[in-house]
Amino acid sequence: MVRNTEGGKIAFYQAWTDDNLLIFEYCGSVQAFRIIPDNRYIIAIEGDTIRADHGVKGLIDALEAMPAADLEKIIKRIF
């Protein structure tokens, strides 16, 4: 999935080799995070791990539907 933001385009997608990895591309930088399903959090970023309600699929759905301003906040925490 690719979304436009104020800072540029961001792409996020599930890794081909590991269903629990989510890859983010933003302004020439790439970050990969292990996603841990955890219903205590909607999205919690801890180092190279993201705890997300409903795992990778739920996080992708949330990022796709998220308002641009909220997505910008996530981008700033990741990059």
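Up top you'll find the structure we're talking about.
Let me begin by describing the structure that accompanies this report. Numbering of residues begins from 1 in every chain and follows the order in which that chain's sequence is written. Residues qualify for local features only when their pLDDT is at least 70, as the model is predicted, and side-chain atom pairs are given and counted only at 80 or more; totals for whole chains, interfaces and linings, by contrast, use all residues. Here the side-chain values reflect all heavy atoms present in the structure, with hydrogen atoms and water set aside.

Relative to strand β6 (residues 49-52), strand β5 (residues 43-46) is paired through four bridges, and the arrangement is antiparallel. Its bridge partner being in β6, isoleucine 45 is matched across the sheet by isoleucine 50. The turn linking β5 back onto β6 is made up of two residues, and glycine 47 within it adopts a positive phi angle of 65°. One requirement defines pairing of two strands: DSSP has to find at least two bridges between them. Note on conventions: DSSP H or I runs of at least 4 residues are helices, E runs of at least 2 residues are strands, and numbering of each starts at the N terminus.

Attention shifts here to the sheet that holds β6. An order of β1-β2-β3-β4-β6-β5 is seen for the six strands of this open sheet, with the pairing classed as mixed. If you trace the sheet from one side to the other, it starts and ends with β1 (2-5) and β5, each paired once. Between one strand axis and the next, the sheet turns through 25° on average, direction left out of account. Packing against the sheet, helix α2 (residues 68-78) makes contact with β1, β2 (8-14), β3 (21-26), β4 (29-37) and β5, and its axis sits at approximately 95° to β1. Axis angles are defined between N-to-C directions and span 0 to 180 degrees, where every axis is a line fitted to C-alpha atoms and, for a helix, only to the segment in contact. Should any heavy atoms of two residues lie within 4.5 Å, those residues are considered in contact.

Once that is clear, we can look at the side chain of arginine 3. Structurally, arginine 3 can be placed in strand β1. Throughout this description, buried means an accessible area under 20% of the type-specific maximum (1.4 Å probe, protein chains only), exposed means over 50%, and partly exposed covers the range between. Neither His nor the chain ends contribute to the count of charged residues, in which Lys and Arg are positive and Asp and Glu negative. Put simply, a salt bridge is a Lys or Arg side-chain nitrogen that is within 4 Å of an Asp or Glu carboxyl oxygen. One buried charged residue, arginine 3, remains without a salt bridge, the closest side chain of opposite sign being glutamate 64 at 8.3 Å. Within the structure, the side chain of arginine 3 is placed 2.7 Å from the backbone oxygen of methionine 66, a separation counted as a polar contact. The contacts of arginine 3, once residues within four sequence positions are left out, are Gly8, Lys9, Ile10, Phe12, Leu63, Glu64, Ala65, Met66, Pro67, Ala68 and Leu71. Any pair of nitrogen or oxygen atoms within 3.5 Å is treated as a polar contact; in protein, a donor-acceptor pairing is required on top of that, and neighbouring residues in sequence qualify only through side-chain atoms on both sides.

Of the strand pairs in this sheet, β4 and β6 are connected by four bridges, and their pairing is parallel. By the bridge assignment for β6, arginine 34 is matched with threonine 49.

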